[in-house]
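What follows is each chain in one-letter form.
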Amino acid sequence: IVEIKESIASLNAIRIEQTETQIKVSNKNPKGNTTTIVFEPFGVNNLWQIKEIIIEDPDGNILVQTSTSTDSVGPYQVGAVNNADGDNIGTAVADFTGGCHGYNGDQTGSATASSSVKVNSLNGILDVVVTNRIQGYNTRKANGTGREIIVEEVHYVFESGVDGFKVNNFIKALEEVTIKL
């Protein structure tokens, strides 16, 4: 789900391009270099995350270009304390859910999380907010209808004309849970 709070063509030095499947945020720093962060849904769960980072000099020459093929947010070893109602109760304690991890504990099987993204802007600050709802290792089901037990909210905050960006991650339990570290 993509929710756009307002149509944003540019925000001073910040430029944004967005479609249903991609968000590109470009920010020019005081030296004239432009950093572009590309967000896309990724993995079996289609969670929105950073897919690519590109840094260009003032003439448009690429200085750095890197992409990822792994989950950068959201894989958890999390289980419900009460009402374990998943298909693999007691056998999947070590399995991750969320991130790129599906029902099988790896990058296969049905989804164990869902994701939405929205873009907010205010006073020269752009906030890309990704909300992930994640099932537990003991609440997931093979048919994809497992119970989501935590909500992860990741804010990617860009300030106009400032090099880099901040990432703030908030996790809220929807019920009593155990998180393995």
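Residue positions within a chain follow its written sequence, with the count starting from 1. It should be noted that, the model being predicted, local features are given only for residues of pLDDT at least 70 and side-chain atom pairs only at 80 or more, the latter also being counted only at that level, while totals for whole chains, interfaces and linings use all residues. Where side-chain values are given, they derive from all heavy atoms of the structure, hydrogens and water being excluded.

Visitor: Got a minute to help me understand the overall build of the protein chain in this structure?
Guide: If you tally the helices and strands in the protein chain, you get zero helices and 13 strands. For helices the rule is a DSSP run of H or I covering at least 4 residues; for strands it is a run of E covering at least 2, with both sets numbered from the N terminus onward. Counting from the amino terminus, the protein chain carries its helices and strands in the arrangement β-β-β-β-β-β-β-β-β-β-β-β-β. For the C-alpha atoms alone, the extent of the protein chain along its principal axes is close to 55 × 30 × 30 Å. Relative accessibility under 20% of the residue-type maximum defines a buried residue, over 50% an exposed one, and the middle range a partly exposed one, all with a 1.4 Å probe and only protein chains included. Residues counted as buried form 43% of the 181 residues belonging to the protein chain. Two residues qualify as a contact provided that any one of their heavy atoms is within 4.5 Å of a heavy atom in the partner residue. Within the protein chain, residue pairs in contact and separated by at least 24 positions form 51% of the contacts whose partners lie at least 6 positions apart. Note on areas: Shrake-Rupley, 1.4 Å probe, and residue coverage restricted to the protein chains presented here. Accessible surface computed for the protein chain: about 9100 Å², of which carbon and sulfur atoms make up 48%. For this count, His and the chain ends are skipped, Lys and Arg are scored as positive, and Asp and Glu as negative. Note that the charge is assigned to NZ on lysines, CZ on arginines, CG on aspartates and CD on glutamates. Taken together, the 14 basic and 22 acidic charged side chains of the protein chain have centroids lying 3 Å from each other.

Visitor: Please explain the pattern of salt bridges as it appears in this structure.
Guide: Should their charged atoms come close, side chains of opposite charge can pair. A pair is scored as a salt bridge if a Lys or Arg side-chain nitrogen falls within 4 Å of a carboxyl oxygen belonging to Asp or Glu. A complete count under the given rule lists five salt bridges for this structure. Between Asp 95 and Arg 140 there is a salt bridge, and its shortest N-O distance comes to 2.8 Å. Of this pair, Asp 95 sits in the loop between strand 8 (77-80) and strand 9 (113-122) while Arg 140 sits in the loop between strand 10 (125-135) and strand 11 (148-159), and the two are 45 residues apart along the sequence. Linked through salt bridges whose partners overlap, the residues forming this network are Asp 85, Arg 147 and Glu 175.

Visitor: Looking at this structure, how should I read a nonpolar patch on the surface?
Guide: For patch building, the residue pool is restricted to those with more than 30% relative accessible area and no salt bridge; the joining distance is 9 Å between like charges and 5 Å between nonpolar side chains (Val, Leu, Ile, Met, Phe, Trp, Tyr). A contiguous nonpolar patch, built from Ile 171, Ile 179 and Leu 181 and spanning about 360 Å² of accessible area, is present on the exposed surface. With respect to the helices and strands, Ile 179 occurs in strand 13 (residues 177-180).

Visitor: I tried to follow the environment of Glu 159 on my own but got confused; where do I start?
Guide: As for its position among the elements, Glu 159 is in strand 11. The exposure class of Glu 159 is partly exposed, given its relative accessible area of 42%. Residues Glu 159 and Thr 68 lie 91 residues apart in sequence; the distance between their C-alpha atoms is 24 Å. Apart from the residues lying within four places of it in its own chain, the contact partners of Glu 159 are Ile 14, Asn 27, Gly 124 and Ile 125.

Visitor: Explain the nonpolar core here, please?
Guide: Most often, soluble globular proteins have nonpolar side chains that are buried together. Buried residues of nine kinds, namely Ala, Val, Leu, Ile, Met, Phe, Trp, Tyr and Cys, make up a nonpolar core once their side-chain atoms join them within 4.5 Å. If you look at the biggest cluster of nonpolar residues, it comprises 17 residues, and the most contacted ones within it are Ile 23, Val 25, Phe 39, Leu 126, Val 128, Tyr 156 and Phe 158. Once you skip the residues sitting within four places of it in the chain, Phe 39 turns out to touch Thr 21, Gln 22, Ile 23, Val 25, Trp 48, Gln 49, Ile 50, Lys 51, Val 128, Tyr 156 and Phe 158. Listed in part, the eight residues of the second largest apolar core include Leu 47, Tyr 76, Ala 80 and Ile 150.

Visitor: Help me understand the pairing of strand 9, please; the structure alone is not making it clear to me.
Guide: The side chains of a regular strand alternate, residue by residue, between the two faces of the sheet. Residues Ala 113, Ser 115, Val 117, Val 119 and Ser 121 line the buried face of strand 9, whereas the alternating positions Ser 114, Ser 116, Lys 118, Asn 120 and Leu 122 sit on a face that is not buried. Both strand 9 and strand 10 contribute to a ladder of ten bridges, which runs antiparallel. Among the inter-strand pairings, Leu 122 is bridged to a residue of strand 10, identified as Ile 125. Connecting the antiparallel pair strand 9 and strand 10 is a turn made up of two residues, with Asn 123 showing a positive phi of about 50°. Here, strands pair whenever DSSP counts at least two bridges between them.

Taken by themselves, the reported measurements are silent on function.
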